[in-house]
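# Fold and contact review
Next come the chains, spelled out residue by residue.
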Amino acid sequence: MQRILKYIDLPILIVFGFIFILWLAAVALDASFFSVGYLLQQLQTASFLGIIASGAMLVILLGHIDLSIPWVVTVGGMMATAAAGWWGDAGAVIALPFAMLCGLIFGIVNGLGVAYLRIPSMIFTLGVNAVAQGLMVLHTGGFAPQDHTTELMHWLAVKRSLWDIPNVLIVWLFVGAVIVFMLRRTPLGRYIYAVGNRESATYLSGVSTRGVLITCFALCSTLAALAGVLLAGYSTKAYQAMGDPYLLPAIAAVVLGGTNILGGRGKYLGTVGGVILITLLQSILSVMQMEEAYRQVIYGVVIIGMLLVYGRSAKVQS
Amino acid sequence: MRSLKLWAAANNAYFLGVGLCLLAFAVYFGLPPIGALLSAMMDGLNALFPADLPLFTYSPLPFTPNVLNTAAPKAVLLALVAMAQTLPVLTRGLDLSVGAIFVMTNCIASVVISGTPVDLAIGVLIVLFCGTLAGLLNGLVVVFGRLQPIIVTLATGAIYLGIALGIRPIPGGGVDKELSSFMTGLLWGQVPMVLVLLLFVVLFIWIPFRRSVIGRGCYATGSAEGAAFLSGVEIANSKLAAYALSGLFCAIAGLVQTFYTQSGEASPPSAGFYTLNSIAAVVIGGTSLFGGFGSAIGSIFGAFSLRTIVDWLFVFELPPLWQPLFNGIILLLAVCLGAARVFRVRNRLELFT
């Protein structure tokens, strides 16, 4: 019990408090939201963002950032549907692993650029994002791509097989459990926090910091590709720029959850809270039929407002 | 000789951007000796791989005022946004809202700039004021909210895009015809007006700022905030000025965009494109993402080279479908040039700074 209490810190409390308030607001708008069904529905929508944010969190914990997420998500979706088209029945089986492998390759390229070439991640992943975009434009434009999803992808993204729990939520729970285990119970997890705090000290302690960097970038891109596959399953096809609306919410969710954008500090539960918070906020704004313009403004104001409450850094004095 | 060496050592970060820019122009316009060399190379390749139609073509554009005037606006727009990005980066921050401010001022300009000359002047001032205000707001939240610039500007970027959408839910609007044809034309039939405007911005805004106490404060804040504070540098004012000026540069870019498109469009992809490419231009232009070193003039070279190299596609007559990939590979390669320092480092610990 004490261990659990120690795990919960101020940002996590505030985020979950805010989620509760938002939910009450939603119930005030429409009483039918006071149900488990609505919450499960929201969690299903949140799962896609949650999987992406899990990967983004690993990279942010290192003090880096991955801006290649949007097009790696698209790569995931497009490669999965393409594999199904290229290789027929066999393709349908390997669509998911193949797409994740493609994501992994982009992640390793990101990691190599950051770890070996020492190029700031913000700019290197930006370049990789542009290359991924170019490849996908070529892929769809050169010949007519197969853009239908496989049974498995549809089943994972839309169906509910265990009681009433959406399958995609179970995927997210699984990803989350693996990441929590990795961060808290394995040496790699300790190294990730250590690199985020001070990379030179970690290096001097004999840790292969390059390996840690590459692993995290690879995981981030693999998860982004997985989310892409699921998104393609959800909307029954993969399309250009399908990942674009996920980059900023993913980073915002991680930071709202109390992870330090400079790295070294952060808890997975906070990221979960951030993801649910953002999904709920988006849902309520769309239920209110608010115009896109106001939605954007409110979205920005809420992020800044929440961070002002608990995300402030120390005053510069020396 | 010794002073020359010292000068070169102090400024070697800028050589990459300037060199890349010169190379980009040389290929684009087929300037000697690069143009002749490439022509010969293409002839050689065609001789090696014979086909009915020549596989490899190279047709550089003539260096005339009109060609320059069609190529200049895109480059100048990115250059202005890159200059805007330079200032926060110098203070060891980052501004992810430059594209959004650019789009927002474009939308505002498409509403307010019409009527009598006095109205026009007021309209231009309103646009510049709104841009500066948006930048200042970023600065206020960063300085007094003590939040990380990257996440603050991520959020304010959403706000500014929202405002842009509120002003122009669908593309439209207009701008005074005479003013826009003057701004998009050629000065004395020779020099594109936008290039003159850029020079004007550098001479009358950037250089005075760079030489002012507050401008130096930005560099000091970026290189060591604590030390700057202890030395009595006004770090709060420096940062506020950097973000506000950044907003002003974006507003100038928004104005130029309005003069060219004659309308306002709240386009999120356009905002994203300019924000991300401005970071690339800043880095290619020699400014350190870790703050404290760099110059907006370097960013201009970075922006020009990025924009011109992408247009190589037309010079080599590659299919347009390849453009995004070509764009991406150029961007990635240009960024990788910055990895040269890895091979110069003597002590591996220096890599971690």
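Just so it is clear, the structure is predicted and the values come from calculations on it, not from any experiment.

Bringing the overall build of chain B into the picture now. Within chain B, the regular secondary structure consists of 16 helices and 2 strands. For chain B, the C-alpha atoms occupy an extent of roughly 65 × 60 × 35 Å along the three principal directions. Counting only residues that meet the buried cut, chain B has 47% of its 353 residues in that class.

Right, let's talk about the overall build of chain A for a bit. Looking only at helices and strands, chain A has 14 helices and 2 strands in total. Taking all 318 residues of chain A together, the buried fraction comes to 52%. Taking the contacts inside chain A whose residues are at least 6 apart along the sequence as the reference set, 78% of them involve residues at least 24 apart.

Residues and elements named next belong to chain A. Structurally, alanine 238 can be placed in the loop between helix H11 (209-234) and helix H12 (247-256). According to the C-beta neighbour criterion, alanine 238 is buried, with 30 such atoms within 10 Å. Put simply, alanine 238 and glycine 228 are 10 residues apart on the chain and 8.2 Å apart in space, counted from C-alpha to C-alpha.

Turning to the packing of helix H3 (residues 65-90) of chain B against helix H8 (residues 193-211) of chain B, a few remarks are in order. Residue and element names in this part refer to chain B. It is at 9 Å that the axes of H3 and H8 come closest, and there the two elements cross at 20°. Put simply, H3 runs roughly parallel to H8. Considering the relative orientation of H3 and H8, their crossing is left-handed. On H8, the residues that touch Ala72, Pro73, Val76, Ala79 and Met83 of H3 are Val194, Leu195, Leu198 and Trp206. Each residue belonging to the contact of H3 with H8 can be placed in one class, and the counts come to 9 nonpolar, no polar and no charged.

Here the focus is the interface of chain B and chain A. Counting residues at the interface gives 46 residues for chain B and 48 residues for chain A. Elements supplying a minimum of two residues to the side of chain B that touches chain A: helix H5 (117-145), helix H6 (149-167), helix H10 (225-230), helix H12 (268-284) and helix H15 (323-336) of chain B. Ranked by the residues each element gives to the side of chain B that touches chain A, the list is headed by H6(B), at 13 residues. Looking at the side of chain B that touches chain A residue by residue, the class counts come to 35 nonpolar, 9 polar and 2 charged.

Here Ala95(A) shows up in helix H5 (residues 88-115). In sequence terms Ala95(A) and Gly270(A) are 175 residues apart; their C-alpha atoms lie 32 Å from each other.

A few words now on helix H9 (residues 213-223) of chain B. Turning to H9(B), its buried residues number three or more, namely Gly215(B), Gly217(B), Cys218(B), Ala220(B), Thr221(B) and Gly222(B). Turning to H9(B), the residues buried within the fold contact H3, H8, H10 and helix H11 (235-261) of chain B.

Another aspect to go through is helix H1 (residues 2-29) of chain B. Residues and elements named next belong to chain B. At asparagine 12, H1 shows its maximal kink, close to 65°. Of the positions making up H1, those classed as buried are Leu16, Gly17, Leu20, Cys21, Ala24, Val27 and Tyr28. At its buried positions, H1 is contacted by helix H2 (34-48), H12, helix H13 (296-310), helix H14 (312-315) and H15. Remark: glycine 30 follows H1 within two positions and exhibits a positive phi of approximately 60°.

Residues and elements named next belong to chain B. Located in the positive-phi region is arginine 92, a residue other than glycine, with phi close to 65°. With respect to the helices and strands, arginine 92 occurs in the loop between H3 and helix H4 (98-112). Phi is positive for glutamine 262, close to 60°, though the residue is something other than glycine. Assignment of secondary structure puts glutamine 262 in the loop between H11 and H12.

With that settled, the discussion passes to the environment of Gly264(A). Residues and elements named next belong to chain A. Mapped onto the fold, glycine 264 is located in the loop between H12 and helix H13 (268-287). Residues glycine 264 and isoleucine 192 lie 72 residues apart in sequence; the distance between their C-alpha atoms is 7.5 Å. Discounting chain neighbours no more than four positions away, the residues touching glycine 264 are Leu61, Gly63, Tyr193, Gly196 and Asn197.

With 98% of its residues at a pLDDT of 70 or more, chain B shows a mean pLDDT of 83. With pTM at 0.84, the complex prediction returns an ipTM value of 0.78.

To characterise two packed helices, one gives the angle between the axes of the helices and the distance between these axes. Residues and elements named next belong to chain B. Running from amino to carboxyl end, H4 crosses H11 at an angle of 50°, the nearest separation of the two axes being 7 Å. As summarised for this structure, H4 and H11 are arranged oblique, according to the angle between their axes. Remark: the crossing between H4 and H11 carries right-handed chirality. Along its contact with H4, which presents Val98, Ile101, Phe102, Thr105, Asn106, Ala109 and Ser110, the element H11 presents Ser246, Gly247, Cys250, Ala251, Ala253, Gly254, Leu255, Gln257 and Thr258.

Cut-offs applied
- Residues numbered from 1 in each chain as written.
- Chains lettered and ligands numbered in written order.
- Predicted model: local features only at pLDDT ≥ 70, side-chain atom pairs only at ≥ 80, totals over all residues.
- Helix = DSSP H or I, 4+ residues; strand = E, 2+ residues; numbered from the N terminus.
- Buried ≥ 20, exposed ≤ 12 C-beta atoms within 10 Å, placed from the backbone.
- Contact = placed C-beta atoms within 7 Å.
- Axes fitted to C-alpha atoms, helices over the stretch in contact; angles between N-to-C directions.
- Parallel < 35°, antiparallel > 145°, perpendicular 65-115°, else oblique.
- Left-handed = near helix turned anticlockwise from the far one by under 90°.
- Nonpolar A, V, L, I, M, F, W, Y, C, P; charged D, E, K, R; others polar.
- Bend = angle between axes of the 7 residues up to and from the residue.
- pLDDT = per-residue confidence, 0-100.

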